[in-house]
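# Overview (structure and organization)
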Amino acid sequence: MKILVTGAKGFIGKNLCENLKNVKDNKDKTRNIIIDEIFEYDVDTDRESFERFCKDCDFVFNLAGINRPLNAEEFNINHSFLAELLNTLKKYGNKSPVMLSSSTQALLDNDYGRSKKEAEDLLLRYGKENDVRVLVYRFPNVFGKWCRPNYNSGVATFCNNIANDLPIKVNDRNTELTLVYIDDIIDEMFEGLKGNEHRDDDLCYVPITHKKTLGEIVDLLYTFNEEPNSLIMPSIPKGSFEKKLYSTFLSYLPERKVKFQLKGNEDNRGSFTEFLRTENNGQFSINISKPGITKGQHWHNTKWEFFLVVSGHGLIQERKIGTDEVMEFEVSGEKLEPVHMLPGYTHNIINLSQTENLVTLMWANELFDKDRPDTFFEEV
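Basis of the calculations
- Here the residue index of a chain counts from 1 through its sequence in written order.
- Residues qualify for local features only when their pLDDT is at least 70, as the model is predicted, and side-chain atom pairs are given and counted only at 80 or more; totals for whole chains, interfaces and linings, by contrast, use all residues.
- For the side-chain quantities, the full set of heavy atoms in the structure was used; hydrogens and water were omitted.
- Put simply, DSSP marks the helices as runs of H or I at least four residues long and the strands as runs of E at least two long, and each gets a number from the N terminus on.
- Any two residues whose heavy atoms approach within 4.5 Å at even a single point are treated as in contact.
- In this analysis the probe radius is 1.4 Å and the grid spacing 1 Å, with only protein atoms considered; a cavity is a set of points the probe fits into but cannot get out of, a pocket is an open set with protein on both sides within 12 Å along at least five of seven lines, and lining residues have an atom within 4 Å of a point.
- Grid points are joined across faces, edges and corners, and a volume is the space filled by probe spheres set on the points.
- Classes in brief: Ala, Val, Leu, Ile, Met, Phe, Trp, Tyr, Cys and Pro nonpolar; Asp, Glu, Lys and Arg charged; the others, Gly included, polar.
- Salt-bridge detection follows one rule: a side-chain nitrogen of Lys or Arg within 4 Å of a carboxyl oxygen of Asp or Glu.
- For the exposure calls, accessible area comes from a 1.4 Å probe over protein chains only, and a residue counts as buried if that area is under 20% of its type's maximum, exposed if over 50%, partly exposed in between.
- Pairing of N or O atoms within 3.5 Å defines a polar contact, subject to two protein rules: one partner must be a possible hydrogen donor and the other a possible acceptor, and residues neighboring in sequence count only if both atoms are side-chain atoms.
- Residue count minus one, scaled by 1.5 Å, sets the expected span of a helix.
- Between any two strands, pairing holds if DSSP finds at least two bridges.
- Under this scheme, a helix contributes an axis fitted over its contacting stretch, all axes are lines through C-alpha atoms, and angles between N-to-C directions fall in the 0 to 180 degree range.
- For classification purposes, an angle smaller than 35 degrees is called roughly parallel, one larger than 145 roughly antiparallel, one from 65 to 115 roughly perpendicular, and anything else oblique.
- Here a crossing is taken to be left-handed if its near helix is turned anticlockwise relative to the far helix by less than a right angle, and right-handed if that turn runs clockwise.

## Topic: unusual backbone geometry
Most of the time, phi is negative for any residue but glycine, and the peptide bond is trans. At N26, a position not held by glycine, the phi torsion is positive, near 65 degrees. If you trace the backbone, N26 turns up in the loop between helix 1 (11-24) and strand 2 (37-41). Although it is not a glycine, W146 adopts a positive phi angle of roughly 75 degrees. Along the chain, the position of W146 falls in the loop between strand 6 (141-143) and helix 5 (154-163).

Structural data, given as C-alpha cells:
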C-alpha cells in the first residue's frame, strides 16, 4: 500500500508516520500489513507532490486542520482543504478510502466545532456519492509524546510545565475530561488500514478512552515528578491511564532530569542503595560488598527476596531456622542466576574475591518498614 498522510508534521501525523515507517522498514512485524511508500503532506509541500500523492495513494489519512487560527475565518481551511483533497482524488479517479480526523467539538456551536462538522458532512456525502469507504473519527482530548504544550492540549501543558518545574493553572479540579492516548489512536488507524475500523453508524471511534478529572491528572503528574526523590513508582497496570500518562510525562523531561542521583548507605563493608520502590510490588536495591566481606546474616518471617549477582564472584548461604543444614549457591556476574532468599531461612552473601567488589541486584517483595522491619539477626 501507498499511504498519504496530510498534516504529517502535526502531533497525530508525526506519530502515525513514524509507526508507518516502522512497518515499511520491517522494524514492526506485528501489524500484519505491507506498506510500500508513505506520502507525507504538510503546509510546505509543493503542489506537484500533492497531485502525485493523490494520484498514486491507496489510503488517505487526513489529519490536516486548523485549531488555533489568528481569526475565525481561518477555520474554513478545515472544510476547504478537505474539499480540495477530495476533488483531486476524483480528478485521478482514485477511490482510496479516506480517514478524517475530527473532534468531539463537532457537536458544539462554535467556529471550530462548525468547521469540523462541515468537514464531516462533506466527507460522508463524498463517500456515499462515489462509493468510497470513509472513516470519520471524532477524537476527544488526545495526549501522548510529541504533543505541543501551551497550544491546545491541557495534558501536554501540564506535563511540560510540571516536568520543567513551571507553574500550572487549574481552574476547577473537578472538571472531567474524556481522553484518548496517541498509541491507541495509532492502533485504530492500522485497523482502519485493514478494514477493521470500529464503527457506530456513520462515525468511527477509538475503542479505548479514559475519563479523568483535572485534579486526578495533576496529582498523578506531581507524583511522577517526585519519583527521583521518593523512588516510589505508582501502580501502572498494563493498559491503564496511569501507565500512558507516565510515558507521556517522561517525554517532556528536560535533559537535566533524565539522569538523577541515588542516596546510598556506605560503611567499611561496601554500600547499599535503594533504586526503585513500588506501591504494590516491592523494591529494588543495589548491594556492593567489598572483597572478602560477608553481608546479611538475618532472616525474615514473611518477606522474601531475589539476589542477582551482576559483577564479581560470591557465595550465597541459606539455613532454615532451627536446623543445621546449609544450602550454598556459588554466584557470579559471568552467569546471571537469581537466587531466592526464602522466608524462615537465615541467609548471607559472601564476596569470595580478595580484589574485586561483588555487585548484587536485590529485589524484596515488600517495602522496608522501619517500624516492622521483619529482619532478625542470626548467623548462617
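## Considering the environment of D131
By the element assignment, D131 lies in the loop between helix 4 (111-130) and strand 5 (134-139). Remark: the alpha-carbon pair of D131 and P97, spanning 34 residues in sequence, is separated by 9.8 Å. Every residue in contact with D131, bar those within four places of it in the chain, is listed here: K95 and Y126.

## Considering the layout of surface pockets
In this structure, the second largest pocket encloses a volume near 810 Å³. Lining the second largest pocket are 34 residues; nearest its centre among them are N265, F272, E274, Q283 and S285. At the level of elements, helix 7 (214-230), strand 12 (264-267), strand 13 (270-278), strand 14 (283-289), strand 15 (294-299), strand 16 (305-311), strand 20 (345-351) and strand 21 (358-364) are the ones that each hand at least two residues to the lining of the second largest pocket. Top element by residues in the lining of the second largest pocket is strand 13. It accounts for five residues. Its residues assigned to classes, the lining of the second largest pocket shows ten nonpolar, 14 polar and ten charged.

## Some details on the pattern of salt bridges
For the structure shown, the criterion picks out 28 salt bridges. The partner of K128 in a salt bridge is D202, with the nearest N and O atoms 3.9 Å apart. You can see K128 sitting in helix 4 and its partner D202 sitting in the loop between strand 8 (199-200) and strand 9 (203-204), a full 74 residues away along the chain. The exposure class assigned to K128 is exposed, which follows from its relative accessible area of 63%. A salt bridge links K212 to E242; the shortest N-O distance between them is 3.6 Å. With a gap of 30 residues between them, K212 in strand 10 (residues 210-213) and E242 in helix 8 (residues 241-250) connect regions that are remote in the sequence. Taken as a pair, K212 and E242 share a single burial class, namely buried.

## Describing the side chain of D184
Residue placement: D184 occurs in helix 6 (residues 182-193). A polar side-chain atom of D184 sits 2.6 Å from a polar atom in the side chain of K244. Beyond its immediate chain neighbours, meaning those up to four positions away, D184 contacts V206, I208, H210 and K244.

## A short note on helix 4
In this model helix 4 runs 29 Å from its N-terminal to its C-terminal C-alpha over 20 residues, within 8% of the 28 Å that 1.5 Å per residue would give. Within helix 4 the residues assigned to the buried category are Y112, G113, S115, K116, A119, E120, L122, L123, L124, Y126, G127 and N130. Backbone geometry just downstream of helix 4 places D131 in the positive-phi region, at approximately 55 degrees.

## Regarding the sheet that holds strand 17 (residues 313-320)
Ordered by their spatial adjacency, five strands build an open sheet running 18-17-20-15-22, and the pairing between neighbours is antiparallel. Either end of the sheet is taken by a strand with one partner, and the two such strands are strand 18 (326-332) and strand 22 (376-377). Bridge count for strand 15 against strand 20 is four bridges, and the pairing is antiparallel. Bridged to G296 within strand 20 is N348.

## Examining the environment of R52
Counting through the fold element by element, R52 comes out in helix 2 (residues 47-56). On the basis of relative accessible area, R52 is assigned to the partly exposed category, the value being 38%. Each C-alpha atom, one on R52 and one on T88, is 9.8 Å from the other, the two residues being 36 residues apart in sequence. Not counting the four nearest positions on each side in its chain, R52 is found in contact with E37 and F39.

## A word on the packing of helix 7 against helix 8
Interaxial distance between helix 7 and helix 8 falls to 10 Å at its minimum, and their mutual angle equals 60 degrees. By the angle class used here, helix 7 and helix 8 are oblique. For helix 7 against helix 8, the interelement crossing comes out right-handed. Facing helix 7, whose interface residues are I217, L220, L221, F224, N225 and E227, helix 8 presents F241, E242, L245, Y246 and F249. In terms of residue class, the contact of helix 7 with helix 8 is made up of eight nonpolar, one polar and two charged.

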